[in-house]
Structure formats: C-alpha cells, structure tokens
Amino acid sequence: MRKKIVAANWKMNMTQAESARFVESMLLDLGDITDVEVVIVPPFTAIAKVMEALGKAQNIKVGGQNMYWEKNGPFTGEISAALLRDLFVHYVVLGHSERRTLFGETDEIVNRKVRAAHEATLRPIVCIGETLQQRDRGNVDKILSIQLRGSLAGLTPKELQETVIAYEPVWAIGTGRNATPAQAQEAHAFIRHTLHQMADETTAERVRIQYGGSVKPENAGELMSQPDIDGALVGGASLDPRSFVQIVKAARDR
Ligand code: PGA
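All values reported here derive from a predicted model rather than from experimental measurement.

Cut-offs used in this document
Residues numbered from 1 in each chain as written. Predicted model: local features only at pLDDT ≥ 70, side-chain atom pairs only at ≥ 80, totals over all residues. Heavy atoms only, no water. Helix = DSSP H or I, 4+ residues; strand = E, 2+ residues; numbered from the N terminus. Rg over C-alpha atoms; globule rule 2.2 N^0.38 Å. Buried < 20%, exposed > 50% of the residue type's maximum accessible area, 1.4 Å probe, protein only. Areas by Shrake-Rupley, 256 points an atom, 1.4 Å probe, with all protein chains shown as cover. Lys, Arg positive; Asp, Glu negative; His and termini not counted. Charge placed at Lys NZ, Arg CZ, Asp CG, Glu CD. Near = heavy atom within 4 Å. Polar contact = N/O pair within 3.5 Å; in protein donor to acceptor, adjacent residues only side chain to side chain. Nonpolar A, V, L, I, M, F, W, Y, C, P; charged D, E, K, R; others polar. Expected span 1.5 Å × (residues − 1). Arc of directions from axis to C-beta. Pairing = 2+ DSSP bridges. Phe/Tyr/Trp six-rings, centres within 6.5 Å; stacked < 30°, edge-to-face > 60°. Lys NZ or Arg CZ within 6 Å of the ring centre and 35° of its normal.

1. Here's the deal with the overall build of the protein chain
Phase 1 of the analysis: Along the backbone of the protein chain there are twelve helices and eight strands.
Phase 2 of the analysis: Taken over C-alpha atoms, the radius of gyration comes to 17 Å for the protein chain, in line with the 18 Å a tight globule of 254 residues would show.
Phase 3 of the analysis: Seen along its three principal axes, the alpha-carbon backbone of the protein chain occupies a region of about 45 × 45 × 35 Å.
Phase 4 of the analysis: With 254 residues in all, the protein chain has 53% of them scored as buried.
Phase 5 of the analysis: Accessible surface for the protein chain amounts to roughly 11600 Å². Of this, 50% is attributable to carbon and sulfur atoms.
Phase 6 of the analysis: One way to put it: in the protein chain the 30 positive side-chain charges average out to a point 1 Å from where the 31 negative ones average out.

2. Re the site of the ligand
Phase 1 of the analysis: Neighbouring residues of the ligand: 13 residues in total, closest Lys11, His96, Glu168, Gly174 and Ser214.
Phase 2 of the analysis: Here an oxygen atom of the ligand sits 2.7 Å away from a polar atom, N or O, in the side chain of His96.
Phase 3 of the analysis: Burial of the ligand by the protein amounts to 95% of the accessible area it has alone, namely 280 Å².
Phase 4 of the analysis: Across the shell around the ligand, the residue classes tally to four nonpolar, seven polar and two charged.

3. A closer look at helix α1 (residues 16–30)
Helical geometry: 3.6 residues make up each α-helical turn, so side chains three or four residues apart lie on a common side.
Phase 1 of the analysis: For α1, which comprises 15 residues, the first-to-last C-alpha distance of 20 Å matches the rise-based estimate of 21 Å (1.5 Å per residue) to within 8%.
Phase 2 of the analysis: Every buried residue belonging to α1 is among Ser19, Ala20, Phe22, Val23, Met26 and Leu30, and all of these are buried. Taken end-on, α1 shows its buried residues confined to a sector of 160°, consistent with a single buried face. Every exposed residue of α1 that faces more than 90 degrees away from the buried side is listed here: Arg21 and Leu28.

4. As for unusual backbone geometry
Phase 1 of the analysis: A positive phi angle, close to 85°, is found at Met14, a residue other than glycine.
Phase 2 of the analysis: Among the structural elements, Met14 can be located in the loop between β1 (5–9) and α1.
Phase 3 of the analysis: Backbone geometry places Ser214, a non-glycine residue, at a positive phi of 60°.
Phase 4 of the analysis: With respect to the secondary-structure elements, Ser214 resides in the loop between β7 (208–212) and α11 (217–224).

5. Re the pairing of strand β5 (residues 123–128)
Phase 1 of the analysis: For β5, the tally of buried residues reaches five of six residues, placing the bulk of the element in the interior.
Phase 2 of the analysis: The pairing of strand β4 (residues 91–94) with β5 spans four bridges and is parallel. Looking at β5, one finds that Val93 is bridged to Ile125.

6. Digging into the packing of aromatic side chains
Phase 1 of the analysis: Tallying each qualifying case throughout the model produces five aromatic pairs.
Phase 2 of the analysis: An angle of 70° between the planes, with centres 4.8 Å apart, marks the rings of Trp10 and Phe22 as edge-to-face. With Trp10 in the loop between β1 and α1 and Phe22 in helix α1, this pair connects stretches of sequence that are twelve residues apart. The residues Trp10 and Phe22 share a single accessibility class, namely buried.
Phase 3 of the analysis: Judged by centre distance (5.0 Å) and plane angle (45°), the ring pair of Tyr68 and Phe75 falls under tilted.
Phase 4 of the analysis: Owing to a relative accessible area of 18%, Tyr68 belongs among the buried residues under this scheme.
Phase 5 of the analysis: We classify Phe75 as partly exposed; its relative accessible area is 30%.
Phase 6 of the analysis: Of note, Arg99 hangs over the ring of Phe103, and the distance from its end group to the ring centre comes to 4.2 Å.

This is the structure we're talking about:
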C-alpha cells in the first residue's frame, strides 16, 4: 500500500512571516497526521522559518523547489543538494514545467539534478507532463515516456522507489482547469506501466505518483481516489492553510 503524499508548492510566494503563520495554522489540524505524508515546499528564503515553525512536528517534511547538480563551487545564485540537506530538507522538486519552459531545463538537466539529489539522500519529486498541443495531437504517452526515461535515466530500482513522480499536465497548471479524474488516471497508469518497463514490477508498484494542476478542495478527493493517483502537488490552493488542510484530509482513506 502506497502512502499518499501531498505537497504544497508555494512557488515564488510567502514571506517569512506569512510562512510562519501558515505553519502555525496548519499544525492546528495536521499536527499529528501520520497516515498521509505532508510536504511543504517554500521558497529557499523561508525554509529555515518553516523548519522553526514546525518545531517538533517531524511528521511534516520540507522540500526545496529546485537545486543545481554540482556539490559546491563558483555557481553564483545556485544552491546544492548538500545545502538543502544542511537545512534538514528531505525533498526537492525537480523539472517543474515552469523550470522547463521559463528556464530552459531539458530532461538531461533534470536527470543530472535527480542523480545529484539521490547522491545526497535528498528525495526528488520529478515533474512531467504534456502541453495542450501535445495532448491534442495524441502524443501524451509519447511525451510522458520521453520525459520519464530521460529524467530518470541511470537510477537504480531503489533510487526509483525513493523518487516521487508528479504528473502535471502543463495546460492544467494555474489555469483552474484540472485534468478529469479519468484523464489523470489514464496518464498515471501509463507512467506506472513505463516504470515497470524501465525497472521491474515491485519498483513500479512502490513509486508514488502525484497529480498536479489546479488541485482544489473540491476536486482533490475524486482525483486521489483513482487507483494510481498517490497524492497531489498543489500550487495555488496551497497558499491558504484552510484549503491545503482540506486537500490533505481528502487524501485520507483514499
Ligand atoms: P496549481 O500548480 O495547483 O496552481 O495549478 C501546481 C504546480 O504547479 O505544482
């Protein structure tokens, strides 16, 4: 049985004060949650504040939104896996579609980062997903297969099992237009099938695949009841603690 994982991707939002207020409010409801894995992914500038506000609530994990693959050195403006680990961060989101389209990240770049993350025992949440044009042309499976094989190349079965995949159709991100549960399930089943081909059945069954793209309290339950949807990567609706808590609660018993 895969444990559901729900992550709050705050993107370029949330000051230190706002982050602390969010965590304090969230902990009133989720302070002792253990049946769903909850991950907060703040901007780098708020990570330390989030850790401080979480205090002893070690059931809630923290993630970075990006990192560079080198260990250290002259890479002005970049941050390494080791620097994230230094802040007690457990996860890192890699290959988000905003990084792919706005910052030119290719599958090869994502793959370097994914491998560097594993080397540093940081667990990657690897985002993949098709554009609307690719979907309209009937190329969803092809695109997902290329992105998966490219981004996860060279990983051992154990590393694959410690990787979370986020299926995020680009046309659903920040648009208010989510994939239907059936569309999402179809893509998730295809991703699991591809993981089976890339590794083995046990590995494919263990990898958690989140759905992302306009997840809200109103649609979260139905999406996460699909057999291959193991949680959500939430953007917009994760900026409000009440809606994020509702989404986490919707992941229970699904
Ligand atoms: P959204 O973003 O929930 O605002 O659509 C999801 C994401 O980009 O991870």
